Structures are given as structure tokens and as C-alpha cells.
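Listed here are the chains, written in short residue letters.
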Amino acid sequence: MSKPVVLFLCEGNSARSQMAEAFLRKHAGNRFEIHSAGLNPRDIHPLTLRVMDEVGISLQGHRSKSLTEYLGKLAVRHVIIVCEYDENSCPHVWPFTRHTIHWPFEDPAAAEGSERERLDRFRAVRNAIEELIVQWVRRGGADAEEPRLS
């Protein structure tokens, strides 16, 4: 029996969706086939790599992917969109999926300021994503009530 497919989507696949993919692999990789993609993929942000390394998760070998790599080619059961609602280039729907969930996280790659201030934004988003992933997994994944952002 194949695992249900979870696809994390955002605008660039350079930070939020990469983090979410990695955390779901860590916490429930045995239960799901997990992917991430973006509408306008950009290289994985160096601070994404850095903050994930800080929590013991290496993204070496990961790459940014376009949603066209999956559209019509993979039976996606659960789409989790991690962009903020007001991002014009953020995907809002995924055709033929069983569940579409919106977890609106601000884009840490858009953070301005000193390196420390930008790192703090990346860490805050990373921690919020992991918290939501853990809640979602504990509640049974997509078959459970959707967790709320705090």
C-alpha cells in the first residue's frame, strides 16, 4: 500500500516549504510521501540551510522545485500551502487533491535588517513550522482537525 502524498507549496520553494518538507520527513516520514515545490522556484536560501542545520537537519541534496514537476504527474492527497494569504504569487488551490490546508507563514527570505535580525526571522518561522507539523502529526495528519497557528 502506498503512502499518502503530501505536497508543501509556496512561492519560491526556498525557505518555508523546504523547512516543512524536512520537518514532516523527520516527524512522520514513515507515514507520508513528502514533497515541496514553488510557483517561481529560487535556490534554497542560505539562511534556510543554516537554521535547519542548527536543529540537526541537513538540506544537502535538496533543491528548489517547480510545481510543474508534480502537476498532473503525482496523485497528491494533501496540499499544504505555507505562504501568507496576501502573497499574489502564492498558490491558492491544487486541483484534484483530497485536502488543501493553508498555513500562512511570513516569508523569512523577505526579511530585512542585519544578519542577526534576518536569522531571528528564519528561526522564528522554522520553529513555528515545526510546531505546527508536530501538532498535525499528533492529531493524525490530514484526517484530524487542522491545527491553528499561535
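Treat the numbers as computed from the prediction; the structure is a model and nothing was measured.

**Observations regarding the packing of aromatic side chains**
Phase 1 of the analysis: Enumeration according to the criterion identifies three aromatic pairs in this entry.
Phase 2 of the analysis: Measuring from centroid to centroid gives 6.1 Å for W103 and W136, while their planes differ by 85 degrees, and the two rings are edge-to-face. Of the two residues, W103 is situated in the loop between β4 (99-102) and α3 (115-138) and W136 in helix α3; the sequence distance between them amounts to 33 residues.
Phase 3 of the analysis: Note on W103: relative accessible area 1%, which makes it buried.
Phase 4 of the analysis: Here W136 falls in the buried class, since its relative accessible area comes to 1%.

**Some details on the sheet that holds strand β1 (residues 5-10)**
Two pairing modes exist for strands in a sheet, parallel and antiparallel, and in both the strands are linked by backbone hydrogen bonds.
Phase 1 of the analysis: Taken in spatial order, the four strands of this open sheet run β2-β1-β3-β4, and their pairing is parallel. Because the sheet does not close on itself, it has two edges, and the strands there are β2 (33-38) and β4. Neighbouring strand axes in the sheet, compared pairwise and without regard to direction, differ in orientation by 20 degrees on average.
Phase 2 of the analysis: Note: β1 against strand β3 (residues 78-81), four bridges, orientation parallel. What sits directly across from L9, in β3, is I81.
Phase 3 of the analysis: With respect to the sheet, helix α1 (residues 16-28) is in contact with β1 and β2, its orientation differing from that of β2 by roughly 175 degrees.

**So, α3**
Phase 1 of the analysis: Given a rise of 1.5 Å per residue, 24 residues ought to cover 34 Å, and the 34 Å separating the end C-alpha atoms of α3 matches this to within 8%.
Phase 2 of the analysis: Within α3 the residues assigned to the buried category are L119, F122, V125, R126, I129, E130, L132, I133, V134, W136 and V137.
Phase 3 of the analysis: Next to the buried residues of α3 lie β1, α1, α2 (46-54), β3 and β4.
Phase 4 of the analysis: Looking one or two places after α3, you find G140, whose phi comes out positive at around 100 degrees.

Quick notes on the rules
Residues numbered from 1 in each chain as written. Predicted model: local features only at pLDDT ≥ 70, side-chain atom pairs only at ≥ 80, totals over all residues. Heavy atoms only, no water. Phe/Tyr/Trp six-rings, centres within 6.5 Å; stacked < 30°, edge-to-face > 60°. Helix = DSSP H or I, 4+ residues; strand = E, 2+ residues; numbered from the N terminus. Buried < 20%, exposed > 50% of the residue type's maximum accessible area, 1.4 Å probe, protein only. Pairing = 2+ DSSP bridges. Axes fitted to C-alpha atoms, helices over the stretch in contact; angles between N-to-C directions. Contact = heavy atoms within 4.5 Å. Expected span 1.5 Å × (residues − 1).

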